[in-house]
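Single-letter residue listing:
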Amino acid sequence: MCRITFEFEGDRDFSKKHSTKSKFPVWSCIEFTKKCNFNCVYCFAGAKNTSPNELSTEEYEQYFEQLKNLGFKQVSLLGGEPILRKDFFEVARAAYDLGFVVHVCSNASTITKDVAKKIKAAGVTQVQTNMDHILREKHDAIRGFKGSYDLLLKALKNLRENEVPVVLATIAMKSNKDVIPKIFEFARKNASAYRVWDMMPCGRGAENRGEILSAKEYKELMLRLIQFAKNAEVSLIRTADPLIKLLDSNIMRGELKGGECPAAKKMCYLDAEGNVSPCSMGADFCGNIRDAPLKEILESNAFSEKILKNKCTVPNCSFAAICRGGCYLRHINGVDQKCWTRERYAKIKA
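As the structure is a computational prediction, the values presented were derived from the model and not from experiment.

Participant: Break down the overall build of the protein for me, with residues and values.
Facilitator: Helix and strand counts for the protein come out as 13 helices and 14 strands. Looking at the protein residue by residue over its 350 residues, the buried ones come to 56%. Pairs at least 24 residues apart make up 70% of the contacts formed inside the protein by residues separated by at least 6 positions. Summed over all atoms, the accessible surface of the protein reaches about 15,200 Å², with 50% contributed by carbon and sulfur.

Participant: Any chance you could break down the pairing of strand β2 (residues 27-31) for me, citing the residues and the numbers?
Facilitator: Most of β2 is tucked away: five of the five residues are buried. Of the two faces of β2, the one lined by Trp27, Cys29 and Glu31 and the one lined by Ser28 and Ile30 are each fully buried. Of the strand pairs in this sheet, β2 and strand β3 (residues 74-78) are connected by five bridges, and their pairing is parallel. When the bridges of β3 are listed, Ile30 appears paired with Leu77. Summarising the sheet, β2 and strand β10 (residues 267-270) pair through four bridges and their orientation is parallel. Bridging across to β10, Ile30 finds its partner in Leu270.

Participant: With reference to specific residues and values, describe the packing of helix α2 (residues 57-69) against helix α3 (residues 88-97).
Facilitator: Contact pair α2 / α3: the axes reach a minimum separation of 10 Å and the direction vectors enclose 15°. Judged on the interaxial angle alone, α3 and α2 are roughly parallel. At the point where α2 passes α3, the crossing takes the right-handed sense. Of the residues in α3, those in contact with Thr57, Tyr60, Glu61 and Phe64 of α2 are Glu90, Val91, Ala94 and Ala95. For the contact of α2 with α3, the residue count by class is five nonpolar, one polar and two charged.

Participant: Explain the packing of aromatic side chains to me, using residue names and the numbers behind them.
Facilitator: With the rule as written, the count across this model stands at 10 aromatic pairs. Ring centres of Phe64 and Phe100 lie 6.3 Å apart, and the angle between their planes is 55°; on these two criteria the pair is classed as tilted. Separated by 36 residues along the polypeptide, Phe64 in helix α2 and Phe100 in the loop between α3 and β4 (101-105) bring together distant segments of the chain. With respect to burial, Phe64 and Phe100 carry one shared label: buried.

Participant: Any chance you could break down unusual backbone geometry for me, citing the residues and the numbers?
Facilitator: With an omega dihedral of 5°, the bond running from Gly79 to Gly80 counts as a cis peptide bond. Its location among the elements puts Gly80 in the loop between β3 and α3. Positive phi, close to 75°, is recorded for Ala264, a residue that is not glycine. As for its position among the elements, Ala264 is in the loop between β9 (256-258) and β10.

Participant: For α3, give the residues involved together with the corresponding values.
Facilitator: Residues Phe88, Val91, Ala92, Ala94 and Ala95 constitute the buried set of α3. For α3, the angular spread of the buried residues around the axis is 155°, confining them to a single face. Tucked into the core, α3 has its buried residues touching α2, β3, β4 and α4 (113-121). Backbone geometry just downstream of α3 places Gly99 in the positive-phi region, at approximately 100°.

Participant: Summarise α2; cite the residues concerned and give the values.
Facilitator: If you check α2, its first and last C-alpha atoms are 19 Å apart, about what 13 residues at 1.5 Å a residue would give, namely 18 Å. Taken together, the buried residues of α2 touch β2, β3, α3, β10 and α10 (294-298). Two residues or fewer after α2 comes Gly71, characterised by a positive phi angle close to 90°.

Participant: Outline the packing of helix α5 (residues 136-143) against helix α6 (residues 148-161), supporting the account with residue identities and numerical values.
Facilitator: Relative orientation of the contacting elements α5 and α6 amounts to 100°, with a least axis distance of 8 Å. By the angle between their axes, α5 is roughly perpendicular relative to α6. Taken together, the residues of α6 that come into contact with α5 (itself represented by Arg136, His139, Asp140 and Arg143) are Ser148, Tyr149, Asp150 and Leu152.

Participant: Let's hear about the side chain of Asn158: which residues, and what values?
Facilitator: Tracing the backbone shows Asn158 in helix α6. Looking at Asn158, the relative accessible area reads 7%, which means it is buried. Within polar-contact distance, the side chain of Asn158 engages the backbone oxygen of Ile111 at 2.9 Å. When residues no more than four places from it in sequence are discounted, the contact partners of Asn158 are Ile111, Thr112, Lys113 and Ala116.

Cut-offs used in this document
- Residues numbered from 1 in each chain as written.
- Predicted model: local features only at pLDDT ≥ 70, side-chain atom pairs only at ≥ 80, totals over all residues.
- Heavy atoms only, no water.
- Helix = DSSP H or I, 4+ residues; strand = E, 2+ residues; numbered from the N terminus.
- Buried < 20%, exposed > 50% of the residue type's maximum accessible area, 1.4 Å probe, protein only.
- Contact = heavy atoms within 4.5 Å.
- Areas by Shrake-Rupley, 256 points an atom, 1.4 Å probe, with all protein chains shown as cover.
- Pairing = 2+ DSSP bridges.
- Axes fitted to C-alpha atoms, helices over the stretch in contact; angles between N-to-C directions.
- Parallel < 35°, antiparallel > 145°, perpendicular 65-115°, else oblique.
- Left-handed = near helix turned anticlockwise from the far one by under 90°.
- Nonpolar A, V, L, I, M, F, W, Y, C, P; charged D, E, K, R; others polar.
- Phe/Tyr/Trp six-rings, centres within 6.5 Å; stacked < 30°, edge-to-face > 60°.
- Arc of directions from axis to C-beta.
- Expected span 1.5 Å × (residues − 1).
- Polar contact = N/O pair within 3.5 Å; in protein donor to acceptor, adjacent residues only side chain to side chain.

This is the structure we're talking about:
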């Protein structure tokens, strides 16, 4: 989950749940449905149509019960486009009634005034949606849906009128890296927080690798955003990308909180067919809740070993104790390809 978040309204990210001492993760991201009406160039899910094998309403409710018994605190409903499922509000409310913090990631295309009211009534405490370019036609092209920009603006208004906090997000890529500071300014006025995600080489991202930022481009963008945020007096900068720790020493002292990927440690992922993975962007499934209890899957070596035993093969790197190997999904031959120290090592080796 390589991202950096700029909180405009204080710490709203429910950090207490992450500080909970627990044998198991405390947060579950859920691919609520594979169905989607968009065709984003970076989509890690890479699906479009509803799977005939998707979990039922009852199976989701049973999954929530297992989460509650294991001490989980939050669920995030993703997609596909989660609101396209007819039982979305019923399932979201079921999670809320069990005491979970309920977040939703939506493409915003369906969030009319009436839907925004229903989102609020269902107990959803945050909606994340994307603005991937400041220009209408380029945003629509990235999202693969003509009219998506205008629908986004309407959704933001509808959610704001119903006092539903919004996190505006952008997937950083070559096509938009130069306008991300402008999107930041827009988010500052129209959202509760702004989040920038690294485009990952999975799903459609693997099909569009030419859009993925180089290590140098990624580093320069992150440095620019961090300084931009400080100049704008953003209340809190939070990161889940291990490499961001290497950019600013303040992250080790708390100004920039986090810096560790939550996969396997604080978060588990459930796809729409019941498969469990330690990472919401990976397909390294460790079991299926239709075949085994969630507790058994989370206790298995298959769930934790790839993430928690993640190692970097760059020899004698002075930053290894800080980044802990970076993101395993970006690894090639044991090295996170976004790490700028990797380039230095390559030159020395040559």
